[in-house]
Amino acid sequence: MPTLPRSFFAALAAVLIFQSSHAAESSSPLTLWYRGPATNWTGALPIGNGRLGAMIFGGVEREHLQLNEDTLWAGGPYDPNNTNALAALPEARQLVFEGKYDEAFSLIASNMMAKPVRQMMYQTVGDLFLTFPTNAAIENYRRDLDLDTAVASVSYTANGVTFKREIFSSPVDQVMVVRLTADKRGQISFNAGMNTPQAATMNTEAPDTLVMSGVNGDAQGIKGALKFQARVRAIARGGKTSIGVSSLSVTRADSVTLLIAAATSYKNYHDVSGDPEAITKKQIAEAGKKSFASLLKNHIAEHQKLFRRVELNLGETDAMKLPTDERIAHFADGNDPQLAALYFQFARYLLISSSRPGSQPANLQGIWNDSMNPPWGSKYTININTEMNYWPAEVANLSECLEPLTAMVMDLTQTGARTAKVHYNAGGWVVHHNTDLWRAAAPIDGPNSGMWPLGGAWLCQNLWEHYCFTGDKKYLEQIYPAMKGAAQFFLDTLIEEPTHHWLVTCPSLSPENKHPDSNTSICAGPTMDMEILRDLFANCINASEILGKDKSFRDQVRAARDRLAPLQIGSAGQLQEWLKDWDLQAKDLHHRHVSHLYGLYPSDQIDFRTTPELAAAVKKSLEIRGDQATGWATAWRINLWARLHDGDHAFSILEFLLSPARTYPDMFDAHPPFQIDGNFGGASGIAEMLLQSQAGVIELLPALPKAWPAGSVTGLRARGNFTVDIAWKNGRLTAATLHSPGKNSCQVRYGDKAVDLKVKSGGTVRLDGNLE
Ligand code: FUC
């Protein structure tokens, strides 16, 4: 047992006991449910196993599953680097330092952007339609998604027969499963067919299989290089199964299990030699050997291993009896605290379903996209969006879900090394504000968003956080070369600005915000760049010390860190977004990006207690920016207000995020349009209200809003390898439990009381609410 100060034992009786409130009841609090089929895509319900996903519409006469596979993107391996860029770099820098921003913009636009100037997009596989011969009156329709089992269901009664569909995407068997049953025999009849906007052919294979075989398309002059295949096999009990040229029908079966597989020839960003036919055939054959019951059991067990780690109870009211879309419409009226808990758990469900070891990272839409040309290509935008996708990964106890992001960063160290060389003649590696399946790293779209070389450095921060939460030294060894390479690029490219002789990035920008001195965002040394580099450099110094290597590199990094431009407070008392005090004259005072506030969240350079002046400046900046923005930008503001310890303000922004303006009926975040980052940022915001662990302190209920007077949470994670359970009543902490697997220590804080804990060996420490 760990040693505790005596005061902690005073009221040790208050032990937390949490009942599993979400067992298998039909209307469990962890269920999204609806009284009718989805009328459009953002009403349909998402399932996924990290890689293979579907949106389920739940129609009675026609079921529609819109299908995705996370490696089906346009194009093929390509090198977007622009060999003209390097020659233009010195002049671009000089123009920026002379304040000739518009001229710098033109030079960058014509010489320094990627070729092609846009990246490849993520695309749909297509659709599976099941058409049922129903024209009877329907009763008792219900469509739902149980987050605890990761199973979507549809049920209704027609002609006195109750029909049920259960649908899931199994991370174990790598297929999607649709189970159709009825409470009377011989009632299941349907036709199945697939559609796709891709270049593909539809075939059947006797006796029971539909096959879609296709190739992906060209984009921006980059040739499509992927083959893909989707297969649907019907396994019926009773009745008759037959195939046509491109469709399949089942008549009068007692029950049917459909197995759906999809794969592409993508192996990695430079190898597309996979065999999707062999892969999907094998997946269907293997799954076909198992009973539905065992497929379901495997699926649920694997899902719950991750999902059940965290339970959140914010209070329950009668509003829970309403369908989810009605609850979203009324959340801002108050009195539905459980909807915030459901939103939090939905984000955890989405991360588990869109990012598992071996899959691609969650993109702008996770893995769910019905288009060939989705908004922003449904890519990886890394000037906020992809990083935000992973904000809840550690605190919400889904550490494993980070693995695809780590793997992508490892790829980017290779493609980004070439971009560093070609565009900057620098060592290390660099990625600008976007990347795609092919790990393109050069600046895209246009100078105002693309000329930002910090994307890779920011991604390294997500990886470093994984180490901070887990203390996993092996992982640190794995990612250290990526961190070092990211830092090396900046050691080679930081440049002294003429006024104060600080080291700055140039050319760069404060993500997507135009400054007043021109019609562009191009500038030198924006605050966010300095903050990200201060973190990256500090992490490299720490890591090299922990791993006992690279002393001279460490010294170089330390020297550069000391010369970065400092944080500055501007004339309105705000945290300056740029080197110059431009904030109040900026083109858009309410701009969605709050990049310069990175220092407060996700970073801990600015802290409510240790740097109160800077925290006050952040507050001022937030007040100027306003509370309402796009989905992800609204979510970011929640995290920031939570870090300012203003729970009521954070909650009022959450009310907006959880309103129909920013949340679709299926609970997907509305940028608008749909973008998944808001779901993830919203969830991390809720966690930040209940638990924070930056700056070496574990803080309990730092920003508890009045709207959640009583509740409990178990299984949240804190930096330093702690798992934390907290309970509260009447707005006051009643008890907390900290678990740690090994020798450990930390400072725990609640309000203005703090205490140091020393954990001699792994175990559990229970605290009551009276920290003294
Ligand atoms: C950034 C944001 C946009 C959008 C896009 C995908 O560029 O500024 O709002 O989220 O990414």
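For clarity, every value in this text was computed on a predicted model and none was experimentally measured. (Residues numbered from 1 in each chain as written. Predicted model: local features only at pLDDT ≥ 70, side-chain atom pairs only at ≥ 80, totals over all residues. Heavy atoms only, no water.)

1. Some points on the side chain of Glu531
Structurally, Glu531 is set in helix 13 (residues 527-547). Lacking a salt bridge, the buried Glu531 has Arg534 as its closest oppositely charged neighbour, with an N-O distance of 5.7 Å. Residue contacts for Glu531: discarding those within four places in its chain leaves Leu567, Leu575, Ser595, His596, Leu597, Tyr598, Gly599, Gln605 and Ile606. (Helix = DSSP H or I, 4+ residues; strand = E, 2+ residues; numbered from the N terminus. Buried < 20%, exposed > 50% of the residue type's maximum accessible area, 1.4 Å probe, protein only. Lys, Arg positive; Asp, Glu negative; His and termini not counted. Salt bridge = Lys/Arg side-chain N within 4 Å of Asp/Glu carboxyl O. Contact = heavy atoms within 4.5 Å.)

2. What to know about the site of the ligand
Neighbouring the ligand are Leu364, Trp376, Thr381, Asn383, Asn385, Glu512, Arg592, His593, Trp632, His671 and Gln675. The contact in question runs from an oxygen atom of the ligand to an N or O atom on the side chain of His671, over 2.7 Å. A distance of 2.9 Å is found between an oxygen atom of the ligand and a side-chain nitrogen or oxygen belonging to Gln675. The protein chains hide 97% of the 280 Å² of surface that the ligand would expose on its own. Considered class by class, the residues forming the shell around the ligand number three nonpolar, six polar and two charged. (Near = heavy atom within 4 Å. Polar contact = N/O pair within 3.5 Å; in protein donor to acceptor, adjacent residues only side chain to side chain. Areas by Shrake-Rupley, 256 points an atom, 1.4 Å probe, with all protein chains shown as cover. Nonpolar A, V, L, I, M, F, W, Y, C, P; charged D, E, K, R; others polar.)

3. Structural notes on the nonpolar core
Among the nonpolar cores identified, the biggest contains 232 residues, and Trp636 and Leu700 are the most heavily contacted of them. When residues in this core are grouped by element, the largest group, 12 residues, is from helix 6 (residues 337-354). Filtering out sequence-adjacent residues up to four positions away, Trp636 remains in contact with Ile384, Met388, Trp391, Trp458, Met528, Val594, Ser595, Tyr598, Tyr601 and Pro602. Within the second largest apolar cluster, 12 residues are counted, among which are Leu259, Ala261, Phe292 and Leu296. (Core = buried A, V, L, I, M, F, W, Y, C linked by side-chain atoms within 4.5 Å.)

4. Here we look at the environment of Phe537
Take Phe537: it is sitting in helix 13. On the basis of relative accessible area, Phe537 is assigned to the buried category, the value being 0%. For the pair formed by Phe537 and Ala559, sequence separation is 22 residues and the distance between their alpha carbons is 9.8 Å. Leave out the neighbours within four places in its chain, and Phe537 touches Ala487, Phe490, Leu491, Leu494, Val557, Ala560, Arg561 and Leu564.

5. Looking at the sheet that holds strand 9 (residues 176-182)
Pairing in this open sheet of nine strands is antiparallel, and the strands run 1-6-7-8-9-16-13-12-11 from one edge to the other. Strands with a single pairing partner mark the edges of an open sheet, and in this sheet they are strand 1 (31-34) and strand 11 (199-205). Along the sheet, successive strands turn relative to each other by an average axial angle of 15°, direction set aside. Docked against the sheet, helix 3 (residues 276-288) engages strand 11, strand 13 (227-237) and strand 16 (255-264), running at close to 150° with respect to strand 16. (Pairing = 2+ DSSP bridges. Axes fitted to C-alpha atoms, helices over the stretch in contact; angles between N-to-C directions.)

6. Re the sheet that holds strand 3 (residues 52-56)
Spatially, the seven strands line up as an open sheet ordered 2-3-4-5-10-15-14, and their pairing is antiparallel. Across the chains shown, the open sheet's two edge strands, defined by having one partner strand only, are strand 2 (45-48) and strand 14 (240-243). On average, each strand axis in the sheet is tilted by 20° relative to the strand beside it, whichever way the strands run. Relative to strand 4 (residues 62-69), strand 3 is paired through five bridges, and the arrangement is antiparallel. The residue of strand 4 that forms the bridge with Gly53 is Asn68.

7. Structural notes on helix 2 (residues 101-111)
Inspection of helix 2 places Tyr101, Ala104, Leu107 and Ile108 among the buried residues, and these make up the whole buried set. Within helix 2, the buried residues cover an arc of 120° as seen down the axis, which keeps them to one side. Close packing links the buried residues of helix 2 with helix 1 (85-97), helix 10 (447-450) and strand 23 (522-523). (Arc of directions from axis to C-beta.)

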